[in-house]
Amino acid sequence: MNDDSAADPVRQMSFEALTPSAFLKRSAAVFGDRVAVIDGERKFTYSKLLARARHMAGALRALGVAPGDRVAVLAPNSHLLLEAHYGIPFSGAVLVALNTRLTADDFAYIIGHCGARVLIHDASFARVARDTASKASGLRLIRAGGSAADDEYETLLAGAEPLEEPVTDERAPISINYTSGTTARPKGVTYHHRGAYLQALAMAYHMRLDIDSVYLWTLPMFHCNGWCFTWAVTAAAATHLCLRRMDPKLIWQQLQESGVTHMCGAPTVLTMMIWDTEAQHGALPRPLRIGTGGAAPTPALLARAAELNMDVTHLYGLTETYGPITICEWRSEWNALAIPQQAAIKARQGVGNVISESMRVVDADGRDVPADGKTLGEIALRGNNLMLGYYRDDEATRRASPDGWFCSGDLGVMHADGYVELKDRAKDLIISGGENISSLEIESALAAHPAVLEVAAVAAPDAKWGEIPVAFAALKDGGNVTEVELIEFVRGRIAHFKAPRRIVFGELPKNATGKIQKFVLRERARQLVQ
């Protein structure tokens, strides 16, 4: 806000910089006695959570952290990482939530790149934190958890004065989220207060969170700030139920005992959950609303979820879009359709969420493709939930958004009703003999087999065709099917030239958010055909 507007009483009355930390202040004022977070044996009300966040801010200031400085946090889904989503912004600093599955070398690179001066870490990561500090000069470590004598975090909170630095620029950075860096050094995606505020409201609205909701943290909080549910759940004054590790049996225990109403996760997480032995007990006593993204949910997954009283909503987005920028908005009249027809609709990525602009599907010249559900193009995005840019990488920012629209790198089609359907990542498209083959189409056909748990299809080099499709499949417990049988099964559902030439059975490699690592499988496929 410039000096003239700051002096204008009408402007002062009608403008307040947007920041998601305001949600915690409201929930503490209105629902201060309600349980905000449950982390094992520890429970905090909203009043207590606000107090702890303010003391965290004060502790950081006492350590010399100034507004605009970056503070890194290495922790599982826990009260610590949740508090950091408020305490660090209250101090005026920028949150850098670290992917817990990375190495000390990765952490040292990220901390060096963003210039973080402080790393707050859960006691379970003490060793890798020390290794990181040995590689990152001048890094201050703060340990949280463990014995009372070792818990420096709680000691600092107890001795700190509460602090809440006002937000005057809603487009100032609130967090930096680093991409996975599977093919190059990870890029720092910068979020601003305004985008985080609006995206959190969109998630609360679309997932129908309210004060009686119990949100189970299966999605990592470090991933796109938990798709902004770290702030959305608080906006609804709902309960954050922390799950420190992804284990299907632990999930089922919470579903059966803790009144869980909502959760999010990649389809691979849902697959493990719905086919776990605990699922044999049958439908849940209350509906469970699930948000999923990262890959299209298969008809088999959706049918099984419906049997278990789980309502799956398909979301789509990237790190650059604060998580889900689109939603497969459901119409009540579609409930009358058969499950396979519902699944075909739910497999679409849908329309922009309530705060984003409409998606576009464009050709190589940037022109919109026909809305015929067939013409392939790249998905282009814009809206309030697009990043400020890549931290300290202006060139990459310009390449990603050359004309004001973010180039997603995802290929899709536009349907006549305005719903977009993702067909593939540009890098995952298989081009065999000049024909485009969607890896998602192959995967959907494979997943329809009753013995198949999860699948992935990739391109392998071929002297004659350029590329051929190769699939990797994990079978359900007791599942029994041969490679030849499964290939024939797929050929009965899609064109023969699209069917995989080889199928390899075994566990699929995944990253920290449950996404299948296709770059690993592409290398395996290359070695296989050689």
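Going by the structure above, here's the rest.
All figures in this text were calculated on a predicted structure; none of them were measured in a lab.

### Remarks on the layout of surface pockets
- Roughly 720 Å³ of internal volume is contained in the second largest pocket.
- R101, M246, V269, M272 and K510 are, among the 39 residues lining the second largest pocket, the residues nearest its centre.
- Secondary structure elements with two or more residues in the lining of the second largest pocket: β11 (262–265), α13 (267–274), β23 (452–462) and β24 (466–475).
- A breakdown of the residues in the lining of the second largest pocket according to their chemical character gives 21 nonpolar, eight polar and 10 charged.

### Things to note about helix α17 (residues 439–447)
- Regarding α17, the residues found buried are S439, I442, E443, A445, L446 and A447.
- For α17, the N-terminal capping position is held by S438, with its side-chain oxygen 3.2 Å away from the main-chain nitrogen of L440.

### Remarks on helix α3 (residues 21–31)
- Of the residues making up α3, those classed as buried are S21, F23, L24, S27, A28 and F31. The buried residues of α3 occupy an angular sector of 150° when projected down its axis, which confines them to one face.
- Those residues of α3 that are buried are in contact with α4 (46–62), α5 (79–90), α9 (193–206) and α11 (229–235).

### What about the nonpolar core?
- I88, I120, F229 and L381 are the most contacted members of the largest nonpolar core, which totals 86 residues.
- Residue contacts for F229: discarding those within four places in its chain leaves M203, M207, L209, Y215, W217, H240 and C264.
- One finds V214, L270, L284 and M310 within the second-largest nonpolar core, a separate group that totals 24 residues.

### A short note on the packing of aromatic side chains
- The full count for this structure, using the stated rule, is six aromatic pairs.
- The interplanar angle of 25° and the centroid separation of 4.7 Å between the aromatic rings of F23 and Y197 together place this pair among those described as stacked. A residue pair is termed long-range when its members are at least 10 positions apart, and F23 in helix α3 and Y197 in helix α9 qualify at 174 residues. The same class applies to F23 and to Y197, which are both buried.
- Their ring planes at 20° and their centres at 3.9 Å tell us that Y191 and Y322 sit as a pair that is stacked. Placement of Y191 in strand β8 (residues 188–192) and of Y322 in the loop between β13 (310–318) and β14 (323–327) is noted, with a sequence separation of 131 residues between them. The exposure classification of Y191 matches that of Y322, with both residues buried.
- One aromatic cluster in this structure is built from Y215, W217 and F229.
- Here the basic side chain of K346 rests over the ring of W330, its NZ or CZ set 5.1 Å away from the ring centre.
- The residue whose ring lies beneath R360 is W405, and the NZ or CZ to ring-centre distance is 4.9 Å.

### Considerations on empty space enclosed by the protein
- A full pass over the atoms with the stated rule returns two cavities of 30 Å³ or more.
- Quantified by volume, the largest cavity comes out at close to 130 Å³.
- Lining the largest cavity are 16 residues, with H223, W227, G294, G317 and K515 sitting closest to its centre.
- Only α10 (224–227), β13 and β14 provide two or more residues apiece to the lining of the largest cavity.

Definitions and limits used
- Residues numbered from 1 in each chain as written.
- Predicted model: local features only at pLDDT ≥ 70, side-chain atom pairs only at ≥ 80, totals over all residues.
- Heavy atoms only, no water.
- 1 Å grid on protein atoms, 1.4 Å probe; cavity = no way out; pocket = protein on both sides within 12 Å on 5 of 7 lines; lining within 4 Å.
- Points joined across faces, edges and corners; volume = space filled by probe spheres on them.
- Helix = DSSP H or I, 4+ residues; strand = E, 2+ residues; numbered from the N terminus.
- Nonpolar A, V, L, I, M, F, W, Y, C, P; charged D, E, K, R; others polar.
- Buried < 20%, exposed > 50% of the residue type's maximum accessible area, 1.4 Å probe, protein only.
- Polar contact = N/O pair within 3.5 Å; in protein donor to acceptor, adjacent residues only side chain to side chain.
- Arc of directions from axis to C-beta.
- Contact = heavy atoms within 4.5 Å.
- Core = buried A, V, L, I, M, F, W, Y, C linked by side-chain atoms within 4.5 Å.
- Phe/Tyr/Trp six-rings, centres within 6.5 Å; stacked < 30°, edge-to-face > 60°.
- Lys NZ or Arg CZ within 6 Å of the ring centre and 35° of its normal.

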